[in-house]
Amino acid sequence: MQSEISQRFQQLVQNLEGVHSGEAAGLAEGALVVAAEARPETDIDSALEILDGVVERIRPLVEAASGPKAKIQALNHGLFELEKFRGNQTQYDDPRNSFLDEVLTSRKGLPITLSILYVDIARRFGLEAYGVGFPGHFLAKIVGVSDVPEQEVIVDPFFGRTLSIDDCAERLKAAAGSDVPFDQQWLRPASAQEIYIRMLNNLKLLYLRQGDGLGALGCFDRILTLAPQAASEYRDRGLLLERLDCIHAAIEDLSQYLELAPRHEDTSGIRARRDALVQRRPSLN
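Since this is a predicted model, take the numbers as computed values, not measurements.

Colleague: Please give an account of the overall build of the protein that cites residues and values.
Modeller: Helix and strand counts for the protein come out as 12 helices and 6 strands. Over its C-alpha trace the protein gives a radius of gyration of 21 Å, about what one expects of a compact globule, namely 19 Å for 285 residues. Expressed as lengths along the three principal axes of its C-alpha atoms, the size of the protein is roughly 70 × 45 × 40 Å. Here the protein holds 285 residues, and 49% of them are scored as buried. At a minimum sequence separation of 6, the contacts of the protein that also span at least 24 residues come to 57%. As displayed, the protein offers around 14100 Å² of accessible surface, 48% of which is attributable to carbon and sulfur atoms. Between the mean site of the 31 positive side-chain charges and the mean site of the 42 negative ones, the protein shows a separation of 3 Å.

Written as structure tokens, this is what we have:
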């Protein structure tokens, strides 16, 4: 079962095909397209104009800096101190934090929306910036920074600060426990596809907590448009469809899950659930 997906989102998905895993060109515009899927009234062009205004206001500051490290410091000063972008710590679960157009207006957002903004703007100034799908808290980083020993700078746009490797290791312990060893793999660049899926997953979980099954269903549909082989998404959407009493669609999704993940540990339970639905499904007239 799929809710109506806009042509613009379909085009976004097509444009991602064949893109290198770390590329993030046009990331902000893509995030606005994702926002418009949940809120059709989103004015993407107006939001991009606001973004352009932010860039132009901080441009003199960044371009006057000499060397990559100084440019990053100027960028951080411009975005976090002058433009006052920051994490919404008091209303973290506000859905508006997930929509980039709202973040551009309120100057408050989630780690992932603020990181998308940071990466997009940094790239406009010629910096090689990427999103980082760090456990529990999305980050950004700039690589090829020739005048620092590590050759890269990790940035947390939610708190408006840079992080050392030791800082990241401490955060991993807090998010995953002290038994999980730190690995540089945690800091690899996220692809645009991974970023959009993580955005949609955040929004999906928020809708589910709020009891908004239809809102969550729309997120499932778009995640599966981006990642049609994501077996667990078919399973979870099927279970949601069952709760919404969409029996035929639930059977289709659970069957697709069993086909994609035939040896998963929960296969027998899902098969029994699917078969029970088959027994009680209403006839199609």
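So much for the structure itself; the text now carries on.
Colleague: Give a description of the side chain of Glu-233 that names residues and reports values.
Modeller: Within the secondary structure layout, Glu-233 lies in helix H10 (residues 231–243). A distance of 3.0 Å separates polar atoms of two side chains, one belonging to Glu-233 and the other to Lys-204. Apart from the residues lying within four places of it in its own chain, the contact partners of Glu-233 are Asn-201, Lys-204, Phe-220, Ile-223 and Leu-224.

Colleague: Got a sec to walk through the packing of aromatic side chains? Specific residues and values, please.
Modeller: Using the criterion set out here, one finds 3 aromatic pairs in the structure. Geometrically, the ring pair formed by Phe-80 and Tyr-118 is stacked, given 5.9 Å between the ring centres and 10 degrees between the ring planes. Of the two residues, Phe-80 sits in helix H4 (residues 68–82) while Tyr-118 sits in helix H6 (residues 111–124), which places them 38 residues apart along the sequence. Grouping residues by exposure puts Phe-80 and Tyr-118 together as buried.

Colleague: Tell me about helix H8 (residues 192–209), and please be specific about residues and values.
Modeller: Here H8 is 18 residues long and its end C-alpha atoms lie 26 Å apart, about the 26 Å a rise of 1.5 Å per residue gives. Just downstream of H8 lies Gly-211, where phi reads positive at about 75 degrees.

Colleague: Would you mind going over the nonpolar core in detail, with residue names and values included?
Modeller: By size, the foremost hydrophobic cluster in this structure holds 83 residues, and its most contacted members are Phe-9, Leu-75, Leu-79, Leu-100, Tyr-118, Ile-121 and Tyr-196. Setting aside anything within four residues of it in sequence, one finds Tyr-196 in contact with Leu-12, Leu-16, Gly-26, Leu-27, Gly-30, Ala-31, Val-34 and Leu-226. By size, the runner-up hydrophobic cluster in this structure holds 8 residues, among which are Leu-139, Ile-154, Leu-163 and Leu-187.

Colleague: Break down the pairing of strand E3 (residues 128–132) for me, with residues and values.
Modeller: Summarising burial for E3: 4 of the 5 residues are buried, a large majority. When E3 meets strand E4 (residues 139–143), the two strands line up antiparallel, connected through 5 bridges. Bridge pairing in E4 places Ala-129 opposite Ile-142. Connecting E3 to the antiparallel partner E4 that follows it, the hairpin turn spans 6 residues, and Gly-136 within it adopts a positive phi of roughly 80 degrees.

Colleague: I'd like a rundown of the state of the cysteines, residues and numbers included.
Modeller: Under the defined criterion, the tally for this structure stands at 0 disulfides. Free of any disulfide, Cys-246 has its nearest neighbouring cysteine sulfur in Cys-219, separated by 16 Å. Assessed through its relative accessible area of 23%, Cys-246 is described here as partly exposed.

Colleague: Run through the sheet that holds strand E5 (residues 152–156), naming residues and quoting values.
Modeller: Strand order in the open sheet formed by 4 strands is E3-E4-E5-E6, and the pairing between neighbours is antiparallel. Single-partner strands in this sheet number two, and they are E3 and strand E6 (161–163). Across this sheet, the average inter-strand angle for adjacent strands is 35 degrees, counted without regard to direction. Across the face of the sheet, H4 comes into contact with E4, E5 and E6 while running at roughly 10 degrees to E5.

Colleague: Summarise the environment of Tyr-118; cite the residues concerned and give the values.
Modeller: Here Tyr-118 falls in the buried class, since its relative accessible area comes to 1%. Residues Tyr-118 and Ala-35, 83 residues apart in the sequence, show an inter-C-alpha distance of 17 Å. For Tyr-118, the contacting residues outside a window of four places in its chain are Ile-72, Leu-75, Asn-76, Leu-79, Phe-80, Ala-140, Ile-142, Val-155 and Pro-157. Separated by 2.6 Å, the side chains of Tyr-118 and Asn-76 make a polar contact.

Colleague: Run through the pattern of salt bridges, naming residues and quoting values.
Modeller: Oppositely charged side chains may form a pair once their charged atoms are brought near each other. Taken as a whole, this structure holds 24 salt bridges when the rule is applied. The salt bridge partner of Arg-96 is Asp-94, with a shortest N-O separation of 2.6 Å. A relative accessible area of 16% means that Asp-94 is categorised as buried. Glu-170 is the salt-bridge partner of Lys-173, the closest N and O atoms lying 3.8 Å from each other. Separated by 3 residues within a single helix, Lys-173 and Glu-170 lie in helix H7 (residues 165–176), roughly one turn from each other. When its relative accessible area of 42% is taken as the criterion, Lys-173 is described as partly exposed. What emerges from the salt-bridge pattern is a single network uniting Arg-39, Asp-101 and Glu-102.

Conventions used here
- Residues numbered from 1 in each chain as written.
- Predicted model: local features only at pLDDT ≥ 70, side-chain atom pairs only at ≥ 80, totals over all residues.
- Heavy atoms only, no water.
- Helix = DSSP H or I, 4+ residues; strand = E, 2+ residues; numbered from the N terminus.
- Rg over C-alpha atoms; globule rule 2.2 N^0.38 Å.
- Buried < 20%, exposed > 50% of the residue type's maximum accessible area, 1.4 Å probe, protein only.
- Contact = heavy atoms within 4.5 Å.
- Areas by Shrake-Rupley, 256 points an atom, 1.4 Å probe, with all protein chains shown as cover.
- Lys, Arg positive; Asp, Glu negative; His and termini not counted.
- Charge placed at Lys NZ, Arg CZ, Asp CG, Glu CD.
- Polar contact = N/O pair within 3.5 Å; in protein donor to acceptor, adjacent residues only side chain to side chain.
- Phe/Tyr/Trp six-rings, centres within 6.5 Å; stacked < 30°, edge-to-face > 60°.
- Expected span 1.5 Å × (residues − 1).
- Core = buried A, V, L, I, M, F, W, Y, C linked by side-chain atoms within 4.5 Å.
- Pairing = 2+ DSSP bridges.
- Disulfide = S-S within 2.5 Å.
- Axes fitted to C-alpha atoms, helices over the stretch in contact; angles between N-to-C directions.
- Salt bridge = Lys/Arg side-chain N within 4 Å of Asp/Glu carboxyl O.

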